[in-house]
Amino acid sequence: MVGANTLRLYLTCIRNTLDAAMCAASAVCHLQNFPCQEVERHNKPEVELKTSPELLLNPVLICRNEAEKCLIETSINSLRISLKVKQADELENILTKKFLRFLSMRAEAFQVLRRKPVQGYDISFLITNYHCEEMQKHKLIDFIVQFMEDIDKEISELKMSEHTRQAGGYRVS
Amino acid sequence: MAEDHVEADNAEAIIARIEHKSRKIESLLKQYRPVEALKTALEGSPPNTRDERCKSANWIMVHRAIMAIKDVDGMFSSLDPEYYDILMKYLYRGLSTGDRPTCDQCLRIHEKLTERAGLGCILRSLADTVNTV
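Not measured: the values here are computed from a predicted model.

The subject of this paragraph is the layout of surface pockets. There is about 580 Å³ of room inside the largest pocket. Surrounding the largest pocket, 24 residues form its lining, N58 and P59 of chain A together with S125, D128 and T132 of chain B being those nearest its centre. Of all the elements in the fold, those that place two or more residues in the lining of the largest pocket are β1 (60–63) of chain A together with α3 (52–68), α5 (84–95) and α7 (119–127) of chain B. No other element matches α5 of chain B, which puts 4 residues into the lining of the largest pocket. Of the residues in the lining of the largest pocket, the class split is 12 nonpolar, 6 polar and 6 charged.

Turning next to the interface of chain B and chain A. If you look at the interface, chain B gives 21 residues, while chain A gives 23 residues. Between chain B and chain A lies a buried interface of about 1900 Å² when both sides are counted; carbon and sulfur atoms form 66% of it. Three residues stand out in chain B for area buried against chain A, namely L107, E111 and L126 of chain B, and they jointly supply 32% of the buried area on that side. Applying the counting rule to chain B against chain A returns 2 salt bridges. A salt bridge links E111 of chain B to R8 of chain A, with the nearest nitrogen and oxygen atoms 2.7 Å apart. Linking chain B with chain A are 9 residue pairs in polar contact (both at pLDDT 80 or more). Only α5, α6 (100–117) and α7 of chain B provide two or more residues apiece to the side of chain B that touches chain A. Among the elements that make up the side of chain B that touches chain A, the one with the highest residue count is α6 of chain B (8 residues). Residues that form the side of chain B that touches chain A fall into these classes: 9 nonpolar, 7 polar and 5 charged.

Further remarks concern the confidence of the model for chain B. Residues and elements named next belong to chain B. Confidence in the prediction of chain B, expressed as mean pLDDT, is 90, and 91% of residues score 70 or more. α6 holds the highest mean pLDDT among the elements of chain B, 98, whereas helix α1 (residues 2–30) holds the lowest, 80. Reported confidence for the predicted complex is 0.91 by ipTM and 0.86 by pTM.

Residues and elements named next belong to chain B. For α5, which comprises 12 residues, the first-to-last C-alpha distance of 16 Å matches the rise-based estimate of 16 Å (1.5 Å per residue) to within 8%. Buried residues dominate α5, accounting for 10 of its 12 residues. The complete set of buried residues in α5 reads Y84, I86, L87, M88, K89, Y90, L91, Y92, G94 and L95.

Tallied over the full model, the rule gives 15 salt bridges over all chains. A salt bridge links E73 of chain A to R80 of chain A; its shortest N-O distance comes to 2.8 Å. For the residue pair E73 of chain A and R80 of chain A, the accessibility class agrees, reading buried in each case. The residue R64 of chain B makes a salt bridge to E26 of chain B at a minimum N-O spacing of 2.7 Å. With R64 of chain B in helix α3 and E26 of chain B in helix α1, this residue pair connects regions lying 38 residues apart in the sequence. In this structure R64 of chain B comes out as partly exposed when scored by relative accessible area, which is 40%. One continuous salt-bridge network, built from bridges that share partners, spans E48, E73 and R80 of chain A.

Residues and elements named next belong to chain B. The geometry of α6 relative to α7 is characterised by a closest axis approach of 6 Å and an angle of 110° between their N-to-C directions. Judged by the inter-axis angle, α6 sits roughly perpendicular to α7. From α6, H110, T114 and A117 reach across to α7, where they touch L119, C121 and I122. Residues of the contact of α6 with α7, tallied by class, amount to 4 nonpolar, 2 polar and no charged.

Residues and elements named next belong to chain B. Remark: α3 packs on α6, axes separated minimally by 10 Å, with the N-to-C direction vectors making an angle of 70°. Relative to α6, the element α3 lies roughly perpendicular. Judged by residue contacts, H63, I66 and M67 of α3 engage P101, T102, Q105 and I109 from α6. Of the residues that constitute the contact of α3 with α6, the class distribution is 4 nonpolar, 3 polar and no charged.

The subject of this paragraph is α7 of chain B. Those residues of α7 of chain B lying buried are C121, I122, S125 and L126 of chain B. All buried residues of α7 of chain B lie within an arc of 140° about the axis, which places them on one face of the element.

A few words on the nonpolar core. Among the nonpolar cores identified, the biggest contains 78 residues, and I62, I81, F125 and F147 of chain A together with L38, M75 and L87 of chain B are the most heavily contacted of them. Tallying contributions element by element places helix α1 (residues 2–31) of chain A first for this core, with 11 residues. Contacts of M75 of chain B, omitting those with residues within four sequence positions, involve V35, L38, I69, L87 and I109 of chain B.

The rules behind these values
Residues numbered from 1 in each chain as written. Chains lettered and ligands numbered in written order. Predicted model: local features only at pLDDT ≥ 70, side-chain atom pairs only at ≥ 80, totals over all residues. Heavy atoms only, no water. 1 Å grid on protein atoms, 1.4 Å probe; cavity = no way out; pocket = protein on both sides within 12 Å on 5 of 7 lines; lining within 4 Å. Points joined across faces, edges and corners; volume = space filled by probe spheres on them. Helix = DSSP H or I, 4+ residues; strand = E, 2+ residues; numbered from the N terminus. Nonpolar A, V, L, I, M, F, W, Y, C, P; charged D, E, K, R; others polar. Contact = heavy atoms within 4.5 Å. Buried area = accessible area lost by both parts, 1.4 Å probe. Salt bridge = Lys/Arg side-chain N within 4 Å of Asp/Glu carboxyl O. Polar contact = N/O pair within 3.5 Å; in protein donor to acceptor, adjacent residues only side chain to side chain. pLDDT = per-residue confidence, 0-100. Expected span 1.5 Å × (residues − 1). Buried < 20%, exposed > 50% of the residue type's maximum accessible area, 1.4 Å probe, protein only. Axes fitted to C-alpha atoms, helices over the stretch in contact; angles between N-to-C directions. Parallel < 35°, antiparallel > 145°, perpendicular 65-115°, else oblique. Arc of directions from axis to C-beta. Core = buried A, V, L, I, M, F, W, Y, C linked by side-chain atoms within 4.5 Å.

Take a look at the structure:
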């Protein structure tokens, strides 16, 4: 099944990139503890503030196709992940919004949800050094990749059952 | 001002070189030697120019070669590791286009390249903000 294979490759690419991005940010962090150069004592997430270009790594945009993509922005102390999910028709649009709302609540439990998604995307996560343990960061990546797999599966299933329901309606009458 | 002038001259020279390369690549592709074509496209990539036209011109060639690869595993048996880092950078460029066939191909190669080259290869393309494609 071609669709299933591209999804797998897409998620693998995202996971590998996130793993590397976390290393990149950590490696530099372990070499030098980077407090915010402007504000003493507070570590503001550089990926949001973009106050110093030398603290930003190359942003990476991974597109599965024209409609689905993942933007990964890395800095010395933070990682921002934004997702645009497939919404090919009105039904997918409605289902996506419902599902995103449901999963957003779970993301809030991890405290990684960015209140507003980055412009052009459906949802954004912000991982900072407050999520300081390595294990916790890897759990977050697992969560995000699983999240994407779930959205895709859930929308396909809901769509299929919706079509079945409608078809059933016509048959009865 | 003078620097811009020198940069422009260099850009013209670079683009001329790229056009010369592209003829070689087309010839290799006609001979069903896509890996050779890819190596040629990746060689002498002008990453330390800021000129977007040079970068785009080289990308077009690399893209052509990437899309011609049918056997990804086979490709790695003849692609030297010295090409891994530059290829990774171009894969991300391909992934950013949103063009379905390009993304499919780049995702396929990205998985195998990461298996071969490791996360360090990805890390270097994220961290190298100077030599970009």
